[in-house]
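Each chain is listed here by its residues.
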Amino acid sequence: QVQLVESGGGLVQAGGSLRLSCAGSGRVFSNYNMAWFRQAPGKEREFVTAITWSGGSTYYADSVKGRFTISRDNAKNTVSLQMNSLKPEDTAVYYCAARRSYITIWNQEGLYNYWGQGTQVTVSS
C-alpha cells in the first residue's frame, strides 16, 4: 500500500507559476512510477505527466509540454510538478498517482494503483 498526499495548489493569475508536491509513504517509493492527472469541472480526468521510478524518463501531455516539469526525489519520497505559464484552461483538481508496472503506456488512469486526494489549482484570467 502506498499513501499519497498532494500539496501546493492554489489560486494564481494567468501567466503565473505554481509548484505541486506529492509526498509518498508506505512501500518503497523508489519502486513506483509516478504521474500527475487532472480533472476540470464537468470533464473526465486526463493525463498530465509521468516519470519513471528512477527519474530517467518523463512523459508529458501535449497541452503542457514546455510549460510543466515533473521531477522526483526518492530520498525524500516526493514527486513535484512545476507549472509555469499557467493558463485558465489549466484549472483543475490535480491528482498524484503511482504504479509498480512498467507498461509503456503512461496516460491511462486505469493502469495506476494508488491515488492521492487531489489539490485544487485555479488560474484566473
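In what follows, the structure referred to is the one given above.
Residues numbered from 1 in each chain as written. Predicted model: local features only at pLDDT ≥ 70, side-chain atom pairs only at ≥ 80, totals over all residues. Heavy atoms only, no water.

What follows deals with the nonpolar core. Met-34, Trp-36, Val-79, Met-83 and Tyr-94 are the most contacted members of the largest nonpolar core, which has 35 residues in total. Counting residues per element, the ones that place at least two in this core are strand S1 (2-7), strand S3 (18-26), strand S4 (33-39), strand S5 (46-51), strand S7 (68-73), strand S8 (78-83), strand S9 (92-99) and strand S11 (119-124). Considering each element in turn, this core owes the most residues, five residues, to S9. (Core = buried A, V, L, I, M, F, W, Y, C linked by side-chain atoms within 4.5 Å. Buried < 20%, exposed > 50% of the residue type's maximum accessible area, 1.4 Å probe, protein only. Helix = DSSP H or I, 4+ residues; strand = E, 2+ residues; numbered from the N terminus.)

So, on to the packing of aromatic side chains. For any pair of aromatic rings, the description rests on two quantities: the centre-to-centre distance and the angle between the ring planes. Here the structure, examined in full by the defined rule, presents seven aromatic pairs. Ring centres of Phe-37 and Phe-47 lie 5.6 Å apart, and the angle between their planes is 75 degrees; on these two criteria the pair is classed as edge-to-face. Residue Phe-37 is located in strand S4, and its partner Phe-47 is located in strand S5; the two are separated by 10 residues in the primary sequence. For Phe-37, a relative accessible area of 1% puts it in the buried group. Linked through ring pairs, Phe-37, Phe-47, Tyr-112 and Trp-115 together constitute an aromatic cluster. Lying over the aromatic face of Tyr-95, Arg-45 brings its terminal NZ or CZ to 4.8 Å of the ring centre. One cation-aromatic arrangement involves Arg-45 over Trp-115; the distance from NZ or CZ to the ring centre is 3.9 Å. (Phe/Tyr/Trp six-rings, centres within 6.5 Å; stacked < 30°, edge-to-face > 60°. Lys NZ or Arg CZ within 6 Å of the ring centre and 35° of its normal.)

It is worth spelling out the sheet that holds S1 at this point. One open sheet accounts for four strands, arranged S1-S3-S8-S7; its pairing is antiparallel. Two strands close off the open sheet at either side, each with one partner strand: S1 and S7. If you compare each strand with its neighbour and ignore which way they point, the axes differ by 15 degrees on average. When S1 meets S3, the two strands line up antiparallel, connected through six bridges. (Pairing = 2+ DSSP bridges. Axes fitted to C-alpha atoms, helices over the stretch in contact; angles between N-to-C directions.)

Attention now moves to the pairing of S8. Across six bridges, the pairing between S3 and S8 is antiparallel. Across the sheet, residue Leu-20 finds its bridge partner in S8, namely Leu-81. Pairing geometry for S7 and S8, over six bridges, is antiparallel. In the sheet register, Ile-70 faces S8, and the bridge partner there is Leu-81. Count of turn residues in the S7/S8 antiparallel hairpin: four residues, of which Asn-77 carries a positive phi of about 55 degrees.

What follows is about the pattern of salt bridges. Within the structure shown, the criterion is met by five salt bridges. Arg-67 is paired through a salt bridge with Asp-90; the nearest N and O atoms lie 2.7 Å apart. Of this pair, Arg-67 sits in the loop between strand S6 (58-60) and S7 while Asp-90 is found in the loop between S8 and S9, placing the two residues 23 residues apart along the sequence. Note on Asp-90: relative accessible area 0%, which makes it buried. (Salt bridge = Lys/Arg side-chain N within 4 Å of Asp/Glu carboxyl O.)

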